[in-house]
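Residue-level structural notes
Listed below are the residues making up each chain.
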Amino acid sequence: MKLPPLLSRVFSLRSALRGFFALALTSLATQCASPVSSGSSSDGALGGSARTASLTEKSRPGLGTGFGESRWSEVDSTTFRRGSSHPAVSEKIFYNDRQGVLAATGGGGRKFSGWKKIGSGSVSFGLKSEGGWLRGVEDGNTYVIGEPGERYDILLRNETSRRVEVVVSVDGLDVLDGRPASVQKRGYVIPGHGSVRIEGWRTSMNQVAAFRFASVSRSYAAMKHGDTRNVGVIGVAVFLGEDAVPHFSDPVPGPWRTGDTQRREKANPFPASGRWASPP
């Protein structure tokens, strides 16, 4: 039977206590897997400005996110009817190495570690590595500090009593299909006062490829798609159910800066959501 508009299958965790609810399962096992191989042409096959642009992208400083080892993370499906085709809030969280965050913030801003509330406090966000919570800085924008090779998970917690759906992207790519992200795609459903732990790029209903900080040239976005324009940003779009009343507010934009820090602040977490085609 065809589902009504905005009604589709979205990912959720199997639970022995409930028929289904949308939490990402924490890892139960770890297996090794090869990283995604590059599908782009070699520099020798490029000419003129294209070759120069390719070399420039490969020399970009700072961090991107790679396609790491396979990890067990089982999910199930459920249904969720969105109250609107537009997210109640769309949040950007930037990440980089310590030097890159220092360049972006000028050494200022308020430091934080652990959960950070977004969307007027209705949803909380955090990045966690094997060593614990990753630290960050707020100066109008939100920055999280990572280390090359470090594995991280994205944690989201629903602070309300109603279910919400979250569409999440890393480096402009959807965490469920690894393709250019769009808020029109479906995501994870979080029950009231529940949470979700997203451990990597989903490769099946029971496995993900771990998120690992890498150089820009070794990021999944560069190796799989040959595009690093949106490297360094995590996107979180939150949808309310059709019976919920919107009460989120838009994030406050931060100051623009120069160099690679400005490029990162222009990174689009949901590039496939644009109405018009953009130039190459």
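Above this text is the structure in question.
Everything in this summary refers to the structure shown in the same document. (Residues numbered from 1 in each chain as written. Predicted model: local features only at pLDDT ≥ 70, side-chain atom pairs only at ≥ 80, totals over all residues. Heavy atoms only, no water.)

1. Digging into the overall build of the chain
Across its full length, the chain holds four helices and 18 strands. Of the contacts made within the chain by residues no fewer than 6 positions apart, 79% connect residues no fewer than 24 positions apart. (Helix = DSSP H or I, 4+ residues; strand = E, 2+ residues; numbered from the N terminus. Contact = heavy atoms within 4.5 Å.)

2. Some points on the pairing of strand β7 (residues 123-129)
Within β7, six of the seven residues are buried, leaving the element largely enclosed by the surrounding structure. In the sheet, strand β6 (residues 116-118) pairs with β7 via three bridges, with the strands oriented antiparallel. Counterpart to Ile118 in the pairing with β7 is Val123. Linking β6 back to β7 in an antiparallel pair, the connection comprises four residues, with Gly119 at a positive phi of about 60°. Both β7 and strand β11 (residues 151-158) contribute to a ladder of seven bridges, which runs antiparallel. Directly across from Phe125, in β11, lies its bridge partner Leu156. One ladder, built from two bridges, connects β7 with strand β8 (residues 132-133); its direction is antiparallel. Within β8, the position partnered with Ser129 by the bridge is Gly132. Connecting β7 to the next strand, β8, in antiparallel fashion are two residues. (Buried < 20%, exposed > 50% of the residue type's maximum accessible area, 1.4 Å probe, protein only. Pairing = 2+ DSSP bridges.)

3. A look at the side chain of Ser124
With respect to the helices and strands, the residue Ser124 is situated in strand β7. Within polar-contact distance, the side chain of Ser124 engages the side chain of Glu159 at 2.6 Å. Beyond its immediate chain neighbours, meaning those up to four positions away, Ser124 contacts Trp115, Lys116, Lys117, Ile118, Leu155, Leu156, Arg157 and Glu159. (Polar contact = N/O pair within 3.5 Å; in protein donor to acceptor, adjacent residues only side chain to side chain.)

4. Considerations on the pairing of strand β10 (residues 142-145)
Judged by which residues are buried, β10 turns out to be covered on both faces: Thr142 and Val144 on one side and Tyr143 and Ile145 on the other are all buried. The pairing of strand β4 (residues 89-96) with β10 spans three bridges and is classified as parallel. Bridge pairing in β10 links Phe94 to Tyr143. Bridge analysis of strand β9 (residues 135-138) against β10 gives three bridges, and the strand direction is antiparallel. Bridge pairing links Glu138 to Thr142 in β10. Remark: three residues form the turn of the hairpin made by β9 and β10, two consecutive strands paired antiparallel; Gly140 in that turn has positive phi of roughly 105°.

5. Here's the deal with the nonpolar core
Counting residues in hydrophobic clusters, the biggest one holds 39 residues, and the most contacted among them are Phe125, Tyr152, Ile154, Leu156, Val170 and Ile234. Those residues in contact with Ile154 that sit more than four places away from it in its chain are Phe125, Gly126, Leu127, Val168, Val170, Val196, Arg197, Ile198, Phe211 and Ile234. Val137, Ile145, Val233 and Ala267 belong to the second largest nonpolar core, which has eight residues in total. (Core = buried A, V, L, I, M, F, W, Y, C linked by side-chain atoms within 4.5 Å.)

6. Things to note about the pattern of salt bridges
Taken as a whole and judged by the stated rule, the model has 13 salt bridges. With its nearest N and O atoms 2.9 Å apart, the salt bridge here joins Arg82 to Glu165. Linking Arg82 in the loop between β3 (76-81) and β4 with Glu165 in strand β12 (residues 164-170), this pair joins segments that are 83 residues apart in sequence. You can call Glu165 buried: its relative accessible area is 0%. Several salt bridges share partner residues, and in doing so they unite Glu130, Arg151, Asp153 and Arg197 into one network. (Salt bridge = Lys/Arg side-chain N within 4 Å of Asp/Glu carboxyl O.)

7. A closer look at the environment of Glu150
Within the secondary structure, Glu150 sits in the loop between β10 and β11. Here the alpha-carbon distance between Glu150 and Ala214, two residues 64 residues apart in the chain, equals 8.1 Å. Other than its neighbours up to four places away in sequence, Glu150 contacts Ser129, Leu134, Phe211, Arg212 and Phe213. Among the polar contacts made by the side chain of Glu150, one reaches the main-chain amide nitrogen of Glu147 at a distance of 3.0 Å.

8. Examining helix α2 (residues 98-105)
Structural remark: α-helix, 3.6 residues per turn; residues separated by three or four positions point the same way. Regarding α2, the residues found buried are Gly100, Val101, Ala104 and Thr105. Seen along its axis, α2 keeps its buried residues to an arc of 120°; they face one direction. Structural note: α2 exposes Arg98, Gln99 and Leu102 on the side pointing more than 90 degrees away from its buried face. (Arc of directions from axis to C-beta.)

9. Some thoughts on the packing of aromatic side chains
With the rule as written, the count across this model stands at nine aromatic pairs. Ring geometry for Trp201 against Phe211: centres 5.3 Å apart, planes inclined by 80°, an arrangement best described as edge-to-face. One end of the pair, Trp201, is in strand β16 (residues 200-202); the other, Phe211, is in strand β17 (residues 207-215), with 10 residues separating them in the sequence. Judged by relative accessible area, Trp201 falls into the buried class, the value being 2%. On the basis of relative accessible area, Phe211 is assigned to the buried category, the value being 0%. Here a set of aromatic residues connected by ring pairs shows up, and it is made of Phe67, Tyr95, Tyr152, Trp201, Phe211, Phe213 and Tyr220. Across the ring face of Phe239, the terminal group of Arg82 is positioned such that the distance to the ring centre comes to 3.6 Å. Arg157 extends its terminal NZ or CZ atom over the ring of Trp115, reaching a point 4.3 Å from the ring centre. (Phe/Tyr/Trp six-rings, centres within 6.5 Å; stacked < 30°, edge-to-face > 60°. Lys NZ or Arg CZ within 6 Å of the ring centre and 35° of its normal.)

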